[in-house]
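Structural description and commentary
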Amino acid sequence: MRRFDKHCVVVTGGASGIGECTTRAIVAEGGCVVIADLQEERGRALVEELGAAAAFHHTDVTVEENVAGAIAFAEKNFGPLTGMVNNAGIVGAVGSILDTSLEAYERTMAILSRGVFIGMKHAARAMKPHGRGAIVSLASTAGVMGGLGPHIYTMAKHGVVGLTKSASAELAPSGIRVNAIAPGGVVTPMTNALREDGDPAATAEFIASTSPLGIPCVPEHIAAGILFLLSEQSAYVSGHTLVVDGGLTTGGSFSPFFEEPAATLLHAGQRTGG
Ligand SMILES: NC(=O)c1ccc[n+]([C@@H]2O[C@H](COP(=O)([O-])OP(=O)(O)OC[C@H]3O[C@@H](n4cnc5c(N)ncnc54)[C@H](O)[C@@H]3O)[C@@H](O)[C@H]2O)c1
């Protein structure tokens, strides 16, 4: 028995980066996946490669009917929905808050915030009659701390963390677990696009240089967390945001102040040499 046998999962943004890696990993462990993405050519090429356990549904996550359609398509092809990964995303509006236009704000929130809400809503509707299911949404370290992403991205990702907690509280009695995952920088087409040269090796080098672990984070690191949250291995985990950032947001580097043993640190009030 493989971990995802008899599982039917919809992965939004499943044609690229973290979503693509997650799709591959679920299929490799026996599950079926509908890739719900705007990128038709890339999505269909992946389906061609993965075979009958994968299917593509052209989906814009900002359009409610598209997301509901992707879930209905998944259930028709592969049986009751067991997992939903709200992963589709963009970087969106960048730059100073003084200059951020309402148009850029709306577009960013539509994909990163409204898209996740729509995904949760329709996944929960499909899962509730069966009394089981797992929803995992992509937050970010920018969803748990300021200064790690552009403003609107940060706002939207904090919203994903909040909605995860709120929806979990409602859906837990129905057997539906709702969690989020918060990656730091990951080497994907999204982060490569932030560089003018678009060079993945340079992106990897940069991410490694900012990581306490000193290695680049790759989509496999994040997919492993997503699969954990989708699977029975996390049967008692809900409302949680799993931060996968090599320790960046929990302290980053160790303060040299505490490197030398000092008697005063162990024995309050006992000063040496004075
Ligand atoms: N790469 C990182 O460093 C990083 C860090 C933290 C969080 N994340 C989050 O992980 C998720 C995946 O990012 P990635 O790095 O794999 O990016 P990516 O660009 O490789 O993949 C994103 C996918 O989402 C799809 N998409 C975009 N808008 C869509 C829409 N409206 N409807 C349907 N599909 C749409 C794209 O076509 C693409 O296939 C995003 O939510 C992102 O915010 C990424």
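Quick summary incoming for the structure in this document. (Residues numbered from 1 in each chain as written. Predicted model: local features only at pLDDT ≥ 70, side-chain atom pairs only at ≥ 80, totals over all residues.)

A separate point is unusual backbone geometry. Phi at K6 takes a positive value of approximately 70°, unusual for a residue other than glycine. Of note, K6 is situated in the segment before strand 1 (8-12). (Helix = DSSP H or I, 4+ residues; strand = E, 2+ residues; numbered from the N terminus.)

Right, let's talk about the sheet that holds strand 5 (residues 133-138) for a bit. Backbone-to-backbone hydrogen bonds join strands into a sheet, with any given pair of strands oriented parallel or antiparallel. With respect to topology, seven strands assemble into an open sheet ordered 3-2-1-4-5-6-7, the strand pairing being parallel. Each edge of the open sheet is held by one strand with a lone partner, namely strand 3 (54-58) and strand 7 (241-244). The mean angle between the axes of side-by-side strands here comes to 20°, regardless of whether they run parallel or antiparallel. Here strand 2 (residues 32-37) runs beside strand 3; their pairing, made up of five bridges, is parallel. Bridge pairing in strand 3 links I35 to F56. Those strands touched by helix 3 (residues 64-78) are strand 1, strand 2 and strand 3, and its axis lies near 150° from that of strand 1. In the packing of helix 8 (residues 219-230) onto the sheet, the strands contacted are strand 1, strand 4 (83-86), strand 5, strand 6 (176-183) and strand 7, and the crossing angle to strand 6 comes to about 165°. (Pairing = 2+ DSSP bridges. Axes fitted to C-alpha atoms, helices over the stretch in contact; angles between N-to-C directions. Contact = placed C-beta atoms within 7 Å.)

With respect to the helices, strands and loops of the structure, V243 is situated in strand 7. Sequence-distant contacts of V243, that is, excluding residues within four places in its chain, are made with T141, V144, A182 and T249.

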